[in-house]
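What the coordinates show
Single-letter residue listing:
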Amino acid sequence: MAKVTKYYFDPNYNGTEWPRRAGERRDSITALGDPDEFELGMHDLVRGLKSSHTGFFHQSVRRVPSRLAIGASFRRVETEAGPRWVAQDVHEGGPAHSAGLRPLDELQAINGIPVSPPDQPMFPMGSEVVLALRRASTDVRLNVSIPQPRSRKQPYSEPKAVTWARMDSGIGYLKVTILPGQLGLDVARAIDAAVAKLASCDRLILDLRGHLGGGLGVLRLMSHLTPAKLPIGYTITRQRAESGYDKSKLPKLDRLPTHLPNLLGVFTMIFRYAGRDPSTLLVSEGLGPKKWHGHIVILVNEHTVSAGEMVAAFAAENHLASIMGTETAGRLIPGSGFRVGEGYMLIIPKAEYITWQGHRFEGAGVKPDFEVPWSPEAFSTGKDNQLDSAVQVVSRI
């Protein structure tokens, strides 16, 4: 409770009266003798803040959401047997993809335990799990190998971060699934390499559907959308907000040191920002013109979170791209991890993100210019209706 009251970004606790509720539930939760029940009770309490990037888990990481643990998102679908989870985004290189999970697979059980809405599919990291699925009219079982996470503060399995392709009619396709690494130097270089391969294209489709979020590599991705140095937005902590601030005078991040070797680049960033209040203004890097500037469509969906939403918001505010798909998840706020003893981690946002034009997308996502829901019927015939629509629009702009 002390960590929340000291560090949570909003002194009004998102209007939830959280300190009072925490006080009322404290004794009943601490009396729980079963570790799983205690973890669930604390997780439910912290989630009562009703903002994203909140949670409570043991560092044995027994319960991690599917999008992070296996690289797959599920959508709720009503069936004759009741509500079910159906796979939608299955990211290349992730555990689910490697095991053979496909979009439209209906999840029946995990390790023999039935799972259906409203209970979310959760997975233990560093384990082998068996998924029972319904694929069309066939029952399927998949063995999924989930690796140990690199970090127990932010546990996830890393799918392939960046993929690209040249499509017909001079259209480049770039998909960015995740921006791993707090500083993001490696993924920034991967984005640069993909952009170089697409240099001859005069149109671009940036696919952020199911984007999992990530670190500062997002700056490089946004910087490739414009030749100019433009203010993007800023993070602001509770302490800085309460003391007052001028957004234009916040510490500025306008370049990732990808020209330096990794270790030197890391030391450069640490020297510049270590020990300071993390409130930071982001400014695009001014990487110069691309043939496809002004001719970009960004694909998003309801599973696009965090850094992916930041990209879409920046592009929309500055008229750099047309946004297509469905409204994003509204989970645009940076989370921080705190060790609280006995191997447990508390996750809360200690800063909020505000775009340069003053918009907040926490709780209400980025709305597309072109609303195009994903069509399972089209996908079942081998067609991606959202991508097809993006090709049609980008060909006209």
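This one's a predicted model, so the numbers in the text were calculated from it and none came from an experiment.

1. Quick word on the overall build of the chain
- Scanning the chain for helices and strands turns up 12 helices and 21 strands.
- Against the 2.2 N^0.38 benchmark of 21 Å for 397 residues, the chain shows a C-alpha radius of gyration of 21 Å, consistent with a compact globule.
- Each of the three principal axes of the chain carries a C-alpha extent, and together these read 65 × 60 × 40 Å.
- Scored against the burial criterion, the 397 residues of the chain give a buried share of 51%.
- Taking contacts inside the chain between residues at least 6 apart in sequence as the whole, the part at least 24 apart equals 71%.

2. Examining the pattern of salt bridges
- Under the criterion given, the structure shown has 18 salt bridges.
- Among the ionic pairs, R20 bridges to E24, the shortest N-O distance being 2.8 Å. Taken together, the residues R20 and E24, both in helix α2 (residues 18–30) and four residues apart, mark about one turn of the helix.
- Of the residues examined, E24 reaches a relative accessible area of 55% and is grouped as exposed.
- Within this structure, K175, D207, R209 and D384 form a network of salt bridges that share partners.

3. Points about the pairing of strand β5 (residues 106–110)
- Among the five residues of β5, four are classified as buried, and the element is accordingly described as predominantly covered.
- In the sheet, strand β4 (residues 82–90) pairs with β5 via two bridges, with the strands oriented antiparallel. Pairing of V86 across the sheet is with E106, part of β5.
- Where β5 lies against strand β6 (residues 113–114), two bridges are found, and the strand directions are antiparallel. Within β6, the residue paired with A109 across the bridge is P114.
- Hairpin remark: β5 followed by β6, antiparallel, with two residues in the connecting loop; positive phi at N111, about 55°.

4. Focus: the sheet that holds strand β16 (residues 296–300)
- In spatial order, the strands read β10-β11-β12-β16-β17-β21; together these six strands make up an open sheet with mixed pairing. The open sheet terminates on both sides in strands that have one partner only, identified here as β10 (162–166) and β21 (370–371).
- In terms of strand pairing, strand β11 (residues 171–176) meets strand β12 (residues 203–207) through five bridges, oriented parallel. Bridge assignment links Y173 to a residue of β12, and that residue is I205.
- Contacts from helix α12 (residues 385–394) reach β11, β12, β16, β17 (322–325) and β21 within the one sheet, and its direction differs from that of β16 by about 160°.

5. So, the packing of aromatic side chains
- Under the definition given, this model contains eight aromatic pairs.
- Note on F38 and Y344: the rings are 5.3 Å apart at their centroids and 70° apart in plane angle, and the pair reads as edge-to-face. Taken together, the positions of F38 in helix α3 (residues 35–47) and Y344 in strand β19 (residues 344–348) put the pair 306 residues apart, joining distant regions of the chain. Comparing F38 with Y344, the two get one shared label, buried.
- In this arrangement the basic side chain of K247 is found over the ring face of W356, its NZ or CZ atom lying 4.1 Å from the centre.

6. Side note on the side chain of R238
- Among the structural elements, R238 can be located in helix α8 (residues 238–243).
- Overall, R238 belongs to the buried group, its relative accessible area being 12%.
- A polar side-chain atom of R238 sits 3.1 Å from the main-chain carbonyl oxygen of Y8.
- Once residues within four sequence positions are removed from consideration, R238 is found in contact with V4, T5, K6, Y8, F9, D10, P11, Y13 and K350.

7. Here we look at the layout of surface pockets
- If you add up the space inside the second largest pocket, you get close to 460 Å³.
- Lining the second largest pocket are 22 residues; nearest its centre among them are V90, K175, D207, R209 and D384.
- Here the lining of the second largest pocket gets three residues from one element, more than from any other, and that element is β4.
- The residue inventory of the lining of the second largest pocket, partitioned by class, reads eight nonpolar, seven polar and seven charged.

8. So, helix α10 (residues 307–317)
- Counting buried positions over the 11 residues of α10 gives 10, a clear majority of the element.
- Directly after α10, the chain includes H319, whose backbone phi takes a positive value near 55°.

9. Focus on unusual backbone geometry
- P117 connects to P118 through a cis peptide bond whose omega is 10°.
- Examined against the element boundaries, P118 turns out to sit in the loop between β6 and β7 (122–123).
- At S306, a residue that is not glycine, the phi angle is positive and equals roughly 55°.
- What makes S306 buried here is its relative accessible area of 12%.

About the cut-offs
Residues numbered from 1 in each chain as written. Predicted model: local features only at pLDDT ≥ 70, side-chain atom pairs only at ≥ 80, totals over all residues. Heavy atoms only, no water. Helix = DSSP H or I, 4+ residues; strand = E, 2+ residues; numbered from the N terminus. Rg over C-alpha atoms; globule rule 2.2 N^0.38 Å. Buried < 20%, exposed > 50% of the residue type's maximum accessible area, 1.4 Å probe, protein only. Contact = heavy atoms within 4.5 Å. Salt bridge = Lys/Arg side-chain N within 4 Å of Asp/Glu carboxyl O. Pairing = 2+ DSSP bridges. Axes fitted to C-alpha atoms, helices over the stretch in contact; angles between N-to-C directions. Phe/Tyr/Trp six-rings, centres within 6.5 Å; stacked < 30°, edge-to-face > 60°. Lys NZ or Arg CZ within 6 Å of the ring centre and 35° of its normal. Polar contact = N/O pair within 3.5 Å; in protein donor to acceptor, adjacent residues only side chain to side chain. 1 Å grid on protein atoms, 1.4 Å probe; cavity = no way out; pocket = protein on both sides within 12 Å on 5 of 7 lines; lining within 4 Å. Points joined across faces, edges and corners; volume = space filled by probe spheres on them. Nonpolar A, V, L, I, M, F, W, Y, C, P; charged D, E, K, R; others polar.

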